[in-house]
Amino acid sequence: MIEVKGKNAELKRIKSAPVKDEIKLKDLDKIDIRIGEILSVEDVEKSDKLVKLTVDFGEFKRIILCGMKKERENPREIEGRQALFVVNLAPREMFGITSQGMLFDIGYEDGIIPVLASPEKPVPNGVRAG
C-alpha cells in the first residue's frame, strides 16, 4: 500500500504494483525520452479513445496518438503544456493516422486518472530525459 503524507494526504491510497524485472542500464539507454510541447489536441473521430497530439520537440514535430479521450473531460486542456514522450518507437498506424511516439503519463497502469509526466519548470523542447 502506498501511503500518501504531507500536502497530498487527501489523495486516495492505492496498492503498490510489484516492481518489474530488473534490467541493465544499457537497456534503458535504448529509449529516447524527450520533452515536447503539446501544440494541439484533436479528436480522432473513428476512435472512442484516441486523440491526436501535435508535439513540438524543438528541431522536429511529431504526431502522437494517445488514448485520453475518456480520461479527461476536456483533452484540449493539455495544449501548451510540456510533457515526456518516447520518440524512438516504431511508427504505428491507427485509424488512418501514423503515430510517431508515445506520451508518458502517470497513473493509468495503477487505475487512477492519468496525469502528464511534466518538468517542474519549462525547459527547451527536445531536451532528453535520463
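All figures in this text were calculated on a predicted structure; none of them were measured in a lab.

### A short note on the nonpolar core
The biggest cluster of nonpolar side chains holds 15 residues, and the ones touching the most others in it are I38, L53, I78, F85 and L103. For this core, the secondary-structure elements that each account for two or more residues are β1 (33-43), β2 (51-56), β3 (61-66) and β4 (82-86). Per-element tally for this core: the top contributor is β2, with three residues. Look past the residues within four positions of L53 in its chain and what remains in contact with it is I38, S40, V41, R62, I63, I64, C66, I78, F85 and L103.

### Digging into empty space enclosed by the protein
This structure, assessed with the given rule, holds one cavity of 30 Å³ or more. Quantified by volume, the largest cavity comes out at close to 30 Å³. Lining of the largest cavity is provided by M68, E71, R72, L103, D105, P114, V115 and L116. Per-class residue counts for the lining of the largest cavity are five nonpolar, no polar and three charged.

### Comments concerning the pairing of β4
The side chains of a regular strand alternate, residue by residue, between the two faces of the sheet. Where burial is concerned, most of β4 is hidden: four out of the five residues are buried. As judged from the five bridges shared by β1 and β4, these two strands associate in the antiparallel manner. Pairing of G36 across the sheet is with A83, part of β4. Relative to strand β7 (residues 102-103), β4 runs antiparallel, the two sharing two bridges. Across the sheet, the residue bridging to V86 is M102, located in β7.

### Quick look at the packing of aromatic side chains
Scanning all chains against the criterion turns up two aromatic pairs. Between the aromatic rings of F57 and F85, the centroid separation amounts to 5.5 Å while the plane-to-plane angle is 85°, which identifies the pairing as edge-to-face. Note that F57 is positioned in the loop between β2 and β3 and F85 in strand β4, a separation of 28 residues in sequence. Accessibility assignment for this pair places F57 and F85 in one class, buried. Each member of the aromatic cluster is reached from another via a ring pair, and the members are F57, F60 and F85.

### Overview of the pairing of β2
When you tally the buried positions in β2, you get five out of six residues, the bulk of the element. Relative to β2, β1 runs antiparallel, the two being bridged by six bridges. Paired with D43 across the strands is V51, a residue of β2. When β2 meets β3, the two strands line up antiparallel, connected through six bridges. Directly across from L53, in β3, lies its bridge partner I64. The hairpin turn running from β2 into β3, its antiparallel successor, is four residues long, and G58 in that turn takes a positive phi close to 85°.

The rules behind each value
- Residues numbered from 1 in each chain as written.
- Predicted model: local features only at pLDDT ≥ 70, side-chain atom pairs only at ≥ 80, totals over all residues.
- Heavy atoms only, no water.
- Core = buried A, V, L, I, M, F, W, Y, C linked by side-chain atoms within 4.5 Å.
- Buried < 20%, exposed > 50% of the residue type's maximum accessible area, 1.4 Å probe, protein only.
- Helix = DSSP H or I, 4+ residues; strand = E, 2+ residues; numbered from the N terminus.
- Contact = heavy atoms within 4.5 Å.
- 1 Å grid on protein atoms, 1.4 Å probe; cavity = no way out; pocket = protein on both sides within 12 Å on 5 of 7 lines; lining within 4 Å.
- Points joined across faces, edges and corners; volume = space filled by probe spheres on them.
- Nonpolar A, V, L, I, M, F, W, Y, C, P; charged D, E, K, R; others polar.
- Pairing = 2+ DSSP bridges.
- Phe/Tyr/Trp six-rings, centres within 6.5 Å; stacked < 30°, edge-to-face > 60°.

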